[in-house]
Amino acid sequence: MSLPRILIIAVAVITMVSAVLADLVIPDLAAQHAFNPAWPPHAKFHDAQYMVMTVLLGLTGLALALRRSRNTLLHAATVLATPWLGMIGALLFPGTATYDPEFADRTVFVLGLHGQVFMAIVLLLALLVATAATLGAVWGSDLGEGRWWAGRGW
């Protein structure tokens, strides 16, 4: 099995389980999400929606990554990037934060970044490396000769 495929499969598995673990299963983290008494029901609905969505995106990415096609491998990387890009993109909206103030002392930071944001960046970099390696394998030596588009209908 190729390294790009292994990376994408690893990201798929992490995507499937991470939100459920962090928001519902691990007690200290779940207290900040699904079991946070300060969250109104509608906020909890969207948290549950996100958990279900990441499981479905992870399963879709995994199914695509397990197929024997480079195209489906690239599609898997795109699908799996969606929730992680969404997490980072959510920070651009007014009034959003990576943690609630009452949990400031229990929030994990890695290299100055919120743990979830750090994980999102690491996983996006893994997908970028896998995608670049897959595209390099597709284009091969033609890339250096300026013929990377040959035979691809471009």
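Our structure is the block above this text.
Before going into details, it helps to say that this report is about the structure given with it.

What counts, and where the lines are drawn
Going along each chain's sequence as written, the residues are numbered from 1 onward. Predicted model: local features are reported for residues with pLDDT of at least 70 only, side-chain atom pairs are reported and counted for 80 or more only, and whole-chain, interface and lining totals are derived from all residues. Side-chain metrics in this entry use all non-hydrogen atoms of the structure; hydrogen atoms and water are not considered. Helical segments are the DSSP runs of H or I of at least four residues, strand segments are the runs of E of at least two, and each set is numbered from the N terminus. Each residue is placed in one exposure class: buried if its accessible area under a 1.4 Å probe, protein chains only, is under 20% of its type's maximum, exposed if it is over 50%, and partly exposed if it falls in between. Any two residues whose heavy atoms approach within 4.5 Å are treated as being in contact. Throughout, the Shrake-Rupley method with a 1.4 Å probe supplies accessible areas, and for residues the shown protein chains are the sole cover considered. A carboxyl oxygen of Asp or Glu within 4 Å of a side-chain nitrogen of Lys or Arg is what we treat as a salt bridge. All axes are obtained by fitting lines to C-alpha atoms, using only the stretch in contact for helices, and the reported angles, taken between N-to-C directions, cover 0 to 180 degrees. Two helices that cross are described as forming a left-handed crossing if the nearer one is turned anticlockwise from the farther one by less than a right angle, and a right-handed crossing if clockwise. The span one expects for a helix is its residue count, reduced by one, times 1.5 Å. The quantity called bend is, for any residue, the angle between two axes fitted respectively to the seven residues ending at it and the seven beginning at it. A pair of aromatic rings is counted whenever rings of Phe, Tyr or Trp (Trp by its six-membered ring) have centres within 6.5 Å, and the orientation is called stacked for planes under 30 degrees apart, edge-to-face for over 60 and tilted otherwise. For this analysis, a nonpolar core means a set of buried residues of the types Ala, Val, Leu, Ile, Met, Phe, Trp, Tyr and Cys, connected via side-chain atoms within 4.5 Å.

### With respect to the overall build of the protein chain
Next up, step 1: Within the protein chain, the regular secondary structure consists of five helices and two strands.
Next up, step 2: Here the protein chain, with 154 residues, has 32% of them falling under the buried criterion.
Next up, step 3: The contacts in the protein chain between residues at least 6 apart in sequence include a share of 65% that link residues at least 24 apart.
Next up, step 4: For the protein chain, the computed accessible surface area is about 9200 Å², with 72% contributed by carbon and sulfur atoms.

### Describing the pattern of salt bridges
Next up, step 1: Evaluation of the coordinates by the stated rule reveals one salt bridge.
Next up, step 2: A salt bridge links R106 to D28, with the nearest nitrogen and oxygen atoms 3.9 Å apart. In this pair, R106 is assigned in the loop between helix 4 (70-90) and strand 1 (109-110) and D28 in helix 2 (residues 27-30), connecting sequence segments 78 residues apart.
Next up, step 3: Judged by its relative accessible area of 39%, R106 falls in the partly exposed class.

### Considerations on unusual backbone geometry
Excluding glycine, residues mostly carry a negative phi; peptide bonds, for their part, are mostly trans.
Next up, step 1: A positive phi is found at L111, a non-glycine position, where the angle reads about 55°.
Next up, step 2: Along the chain, L111 turns up in the loop between strand 1 and strand 2 (113-114).
Next up, step 3: A relative accessible area of 76% places L111 in the exposed class.

### Overview of the packing of helix 1 (residues 3-25) against helix 4
Next up, step 1: The geometry of helix 1 relative to helix 4 is characterised by a closest axis approach of 10 Å and an angle of 35° between their N-to-C directions. With respect to the hand of their crossing, helix 1 and helix 4 are arranged in left-handed fashion. For the pair helix 1 and helix 4, the contacting residues are P4, R5, I8, V11, A12, I14, T15 and S18 in the first and L73, A76, A77, L80, P83 and W84 in the second.

### Looking at the environment of E102
Next up, step 1: The topology assignment puts E102 in the loop between helix 4 and strand 1.
Next up, step 2: For E102, a relative accessible area of 45% puts it in the partly exposed group.
Next up, step 3: Dropping the residues within four chain positions of it, E102 is found in contact with N36 and A38.

### Regarding helix 1
Next up, step 1: Taking 1.5 Å of rise per residue, 23 residues should cover 33 Å, and helix 1 covers 31 Å from first to last C-alpha, within 8% of that figure.
Next up, step 2: V17 marks where helix 1 bends most, by close to 30°.
Next up, step 3: Considered for burial, the residues of helix 1 that qualify are P4, R5, I8, I9, V11, A12, T15, M16, S18, A19, A22 and D23.

### Details of the packing of aromatic side chains
To describe a pair of aromatic rings, one takes the distance between the centres and the angle between the planes.
Next up, step 1: Overall, the coordinates contain one aromatic pair when judged by the stated rule.
Next up, step 2: A ring pair is formed by Y99 and F109, whose centres lie 5.7 Å apart and whose planes are at 90°; its orientation type is edge-to-face. Residue Y99 is found in the loop between helix 4 and strand 1, and its partner F109 is found in strand 1; the two are separated by ten residues along the sequence.
Next up, step 3: The exposure class assigned to Y99 is partly exposed, which follows from its relative accessible area of 29%.

### Quick look at the nonpolar core
Next up, step 1: Among the nonpolar cores identified, the biggest contains 23 residues, and I8, V11, A65, L80, W84 and L127 are the most heavily contacted of them.
Next up, step 2: For this core, the secondary-structure elements that each account for two or more residues are helix 1, helix 3 (41-65), helix 4 and helix 5 (115-139).
Next up, step 3: With eight residues, the top contributor of residues to this core is helix 4.
Next up, step 4: For L127, the residues in contact, after removing those within four places along its chain, are I8, V11, A77, L80 and A81.

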